[in-house]
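Coordinates in review
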Amino acid sequence: MTEPKQQTINIGIVGGGTYCREVLKKYVIEPSEARQYTRIVAVVDKDQESPGIKEAQKLGIQTLEDYEELYEAHYQIDIIIILKPGRELLDRIISTRPIHIRILSFEVFRFLWQDLGHAEFELNTRNKEMETILNHIQDIIVVISTEMEIIEVNQTFLDYMGHSREEIIGQKCYEVLQKKDHHCYINDNTFCPINDVIRNRQPSRRTSLRQVDQNGKQRHLDVIVYPIWEKDGKISKFIEIGRDVTELKNEQERITSRLEKMVKDRTRELQDTHAKLLHQDKMSSLGKLSAAVVHEINNPISGILNLIMLMKRIHNEGELSSADREQFSSYLDLMETETKRISRIVSNLLAFSRQSKIELKRLDLNELIERTIVMNLNLIKINHIQLNRQLRNDLPKLRGAEDQLQQVLMNLISNAVEAMESGRKKVLTIKTTHSLAENSLTFSISDTGVGIPPEHISKLYEPFFTTKKNGKGVGLGLSLVYGIVHKHKGQIEIDSTVNKGTTFTIELPIEGEIEEFDGDNEINMMEF
């Protein structure tokens, strides 16, 4: 059932004085909801030069000289308001008016008008106070209607946007704030906190919301939007409060950038230092090898020198016989064999010492082990260690970094030899196997040395942890071993018993996803 349409009340005013002028101005200049149902039809005064008559003529309202003309049917007057003082005029109108026309006397009107004026004064005073407070708040305040129109702003907002109130009020919020010609819908790239309020039916807060300032530059705002509710549960408007945090965000970005640069520089320094320490550990191992290999090289050199001196003595004794020539040939073969042996030892030492470019390639694990054994052979001999090779001869080739894997073998063999220096039973066992199920190769290095205490097992791979005496190492060997095996996607296990020995078992994938090495990158132990 539809509600009946409310009829308009037609008003006639008698008296064109200053009260009349004030009423007309307020009626026209400050429209209210009551104006939808009221209409001032005519103003009556014998003095056509009175201020009320002049104002009515300006506003296009009918002016009359005799109040009885208001009784005519075509004016359809419902109420007459008397704006002239005096009982006589009131009595005449009451006695002559048609019965359906109601009368509002001057005394009652003046009482209501003054009371209304006082309330309006109080309201205006409060409004000015609130306006002063809002205009002195440094935060941006915007009142937005449900049609996304800006209906009120504070002075901070006007200063921020660089526009006057007349240019802002009535404009769409997205036109002013985002410089767009369409609404910021929920699926738009621009986040709209009002959409968030509508969807969740509660205030929405957004940090670092982007908006466009008067110069067309993007600014970052910390924004919170509050809904204003009507009695029926509908949202009547939105109050958006924002604070410009652009400089703060820029400063945070500058600080973050400086910190990132500092971390990057420091990381580079640590990597350089770490690389030097790794090389130092490598050179330490090389030094120990070189001292042991000197004897290994000295023996064939001494043999070659003796053969040369013998050949010279035979040659100086006279012409060479056939037997001498055959003897010389066997001497030369022996000298060639010993020279190649020396060359092989020296080449292996040089290959181990230099920092070569790291690259992945197919390699023979058994061959790599044999080369490493050659470099350590004299060290093994002078410590009277029995070498037990258990190398499976049908191993597939492994994809890996040859130089890095040789360094793993060198560290493990060197550690095993040192662990057996003071022991009685000295056996070094090197074993290789192939797992078809895991598609991997496994090699183990076992010694019969002093073993590792259980409390040290968990610390073995920590950089700079060592149980060796001063001068025996810097504690990077096993840390390096762990890093290389980890880079090859492999696994390493330790089985050790004090005074019985230790076994290191390393499993490496043959065709696994091996982390690629950059030519300029060393294995970075800082990751572990």
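Reference entry: report on the structure contained in this document. (Residues numbered from 1 in each chain as written. Predicted model: local features only at pLDDT ≥ 70, side-chain atom pairs only at ≥ 80, totals over all residues. Heavy atoms only, no water.)

With that out of the way, let us pick up the pattern of salt bridges. Working definition: two side chains of opposite charge can pair if their charged atoms are close together. Taken as a whole and judged by the stated rule, the model has 16 salt bridges. Residue E88 is joined to R92 by a salt bridge in which the shortest nitrogen-to-oxygen separation is 3.0 Å. Placement of both E88 and R92 in helix α3 (residues 87–96) is noted, with a separation of four residues, approximately one turn of the helix. What makes R92 partly exposed here is its relative accessible area of 36%. In this structure, the salt-bridge partner of R371 is E402, at a minimum N-O distance of 2.2 Å. Here R371, found in helix α11 (residues 365–382), pairs with E402, found in helix α12 (residues 402–419); they are 31 residues apart in sequence, far enough to count as distant. (Salt bridge = Lys/Arg side-chain N within 4 Å of Asp/Glu carboxyl O. Helix = DSSP H or I, 4+ residues; strand = E, 2+ residues; numbered from the N terminus. Buried < 20%, exposed > 50% of the residue type's maximum accessible area, 1.4 Å probe, protein only.)

This part covers the side chain of H488. When you line up the elements, H488 lands in the loop between α14 (477–487) and β16 (491–497). Accessibility expressed as a relative area gives 2% for H488, which makes it buried. At 3.0 Å, the side chain of H488 and the backbone nitrogen of A401 are in polar contact. (Polar contact = N/O pair within 3.5 Å; in protein donor to acceptor, adjacent residues only side chain to side chain.)

Assignment of secondary structure puts S496 in strand β16. Side-chain polar atoms of S496 contact the backbone oxygen of G501, separated by 3.5 Å. Of the polar contacts made by the side chain of S496, one reaches the side chain of T502; its length is 2.8 Å. Discounting chain neighbours no more than four positions away, the residues touching S496 are G451, I452, I457, G501 and T502. (Contact = heavy atoms within 4.5 Å.)

So, about the sheet that holds strand β5 (residues 102–104). On the basis of which strands lie adjacent, the open sheet formed by five strands has the order β3-β2-β1-β4-β5 and parallel pairing. Two strands bound the open sheet, and with one partner strand each, they are β3 (62–64) and β5. Each strand axis lies, on average, 25° off the axis of its neighbour in the sheet, ignoring direction. Looking at chain direction, strand β2 (residues 38–44) and β3 are connected through three bridges and run parallel. Within β3, the residue paired with A42 across the bridge is Q62. Contacts between helix α2 (residues 51–59) and the sheet are confined to β2 and β3, with β3 contributing the most and set at about 150° to the helix. Against the sheet, α3 engages β1 (9–14), β4 (79–82) and β5, with an angle of about 170° to β4. (Pairing = 2+ DSSP bridges. Axes fitted to C-alpha atoms, helices over the stretch in contact; angles between N-to-C directions.)

On to helix α8 (residues 193–200). Those residues of α8 that fall on the buried side of the exposure criterion are P193, I194, N195, D196 and V197. In the stretch just after α8, R201 is the one whose phi turns positive, near 55°.

Here the focus is the sheet that holds β16. Strand order across the open sheet formed by five strands is β12-β14-β15-β17-β16, with mixed pairing between neighbours. Of all the strands in the sheet, the pair left with one neighbour each is β12 (386–391) and β16. Each adjacent strand pair in this sheet contributes to an overall mean axis angle of 10°, direction not counted. Where β12 and strand β14 (residues 427–435) come together, six bridges link them in parallel fashion. Looking at β14, one finds that R389 is bridged to I430.

Here we take up the pairing of strand β10 (residues 235–244). Direction of pairing for strand β6 (residues 140–145) relative to β10: antiparallel, over a ladder of six bridges. From the neighbouring strand, V143 faces β10, where its bridge partner is I239. The sheet contact formed by strand β9 (residues 218–229) and β10 spans nine bridges and is antiparallel. Following the sheet pairing, W229 is matched in β10 by I235. A loop of five residues connects β9 with β10, the two strands running antiparallel in sequence, and G233 in this loop sits at a positive phi of about 90°.

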